[in-house]
Amino acid sequence: NTQDKSSDIVRWSPRYIEELTTPYVASQNYLELFRTVPEVFFPIDYIASRVAGAKYVVKRVKDDSIVWNNKIINAIINKPNVLTTWREFVYSHFVYKLCTGNSFVRAAMSEAFTSGDKFRYCSHFWVLPADKVNIEPHHRALPIFGISDIEDIINKYVLHFGYSGNLDIPPYQVWH
């Protein structure tokens, strides 16, 4: 009986609680709560489905008129990648954002286009599973509060696939 009490003390120690609430563990727990507890599912689903169900149009900045013939943007709004619709894309973005506090959108594009507007050079956008993404910073002095680009701070994003391996994604391909 003494061992049970000591294991409970160790098990529920501040360090144990801290480990349970680290972003990587907590994000998986929050997604599990979203999937299984109606009181968690309902408000997140309510917000995400309303945002995803909205009507999206492109407007000009000058006169606020609707742009109907922008082929690049219309293609993205129609189908951001081969597997998901725009509504599914937006819904999953907001579910990850509201459950984990993070959402990662990848513009799957050639490494030749490291700068510039991603939507001009890419036709495949993916919402990455936020609980499976790790941010790997550079291992040198980070100019966080100085003049820097995201590539100066973040070395890569690593998407974990479990047994099948990892995918290293350069920072210019990810909107976090």
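Look up a bit, the structure's there.
Residues numbered from 1 in each chain as written. Predicted model: local features only at pLDDT ≥ 70, side-chain atom pairs only at ≥ 80, totals over all residues. Heavy atoms only, no water.

Caption draft 1: Just the overall build of the protein, in detail. Looking only at helices and strands, the protein has eight helices and eight strands in total. Within the protein, buried positions represent 26% of all 176 residues. Taking the intrachain contacts of the protein between residues at least 6 apart in sequence as the baseline, contacts between residues at least 24 apart amount to 49%. Carbon and sulfur atoms make up 58% of the accessible area of the protein, which totals about 12200 Å². (Helix = DSSP H or I, 4+ residues; strand = E, 2+ residues; numbered from the N terminus. Buried < 20%, exposed > 50% of the residue type's maximum accessible area, 1.4 Å probe, protein only. Contact = heavy atoms within 4.5 Å. Areas by Shrake-Rupley, 256 points an atom, 1.4 Å probe, with all protein chains shown as cover.)

Caption draft 2: Geometry of the sheet that holds strand β4 (residues 125–128). Read from one edge of the open sheet, three strands run β4-β3-β8, paired in antiparallel fashion. Each having just a single partner strand, β4 and β8 (174–175) make up the two edges of the open sheet. Helix-sheet contacts for helix α6 (residues 86–100) involve β3 (104–107) and β4, and the interaxial angle to β4 is about 30°. (Pairing = 2+ DSSP bridges. Axes fitted to C-alpha atoms, helices over the stretch in contact; angles between N-to-C directions.)

Caption draft 3: Main features of the packing of helix α4 (residues 38–52) against α6. With their axes 8 Å apart at the nearest point, α4 and α6 run at an angle of 140° to one another. Taken as a pair, α4 and α6 cross one another with a handedness that is right-handed. Of the residues in α6, those touching α4 at Phe41, Ile44, Asp45, Ile47, Ala48, Ser49, Val51 and Ala52 are Arg87, Val90, Tyr91, Phe94, Val95, Leu98 and Cys99. When grouped by side-chain class, the residues that make up the contact of α4 with α6 number 12 nonpolar, one polar and two charged. (Left-handed = near helix turned anticlockwise from the far one by under 90°. Nonpolar A, V, L, I, M, F, W, Y, C, P; charged D, E, K, R; others polar.)

Caption draft 4: Examining a nonpolar patch on the surface more closely. On the surface, Phe41, Phe42, Tyr46, Ile47 and Leu98 cluster together into a nonpolar patch covering about 470 Å² of accessible area. Here the nonpolar patch gets four residues from one element, more than from any other, and that element is α4. The class of Leu98 is partly exposed, set by a relative accessible area of 37%. (Patch = residues over 30% accessible without salt bridge, like charges linked within 9 Å, V, L, I, M, F, W, Y side chains within 5 Å. Salt bridge = Lys/Arg side-chain N within 4 Å of Asp/Glu carboxyl O.)

Caption draft 5: α4, seen in detail. Helix length check: α4, at 15 residues, gives a terminal C-alpha distance of 20 Å against a target of 21 Å (1.5 Å per residue), a fit within 8%. Of all the positions in α4, only Ile44, Ala48, Ser49 and Ala52 are classed as buried. (Expected span 1.5 Å × (residues − 1).)

Don't take any of this as a statement about function, it's just geometry.
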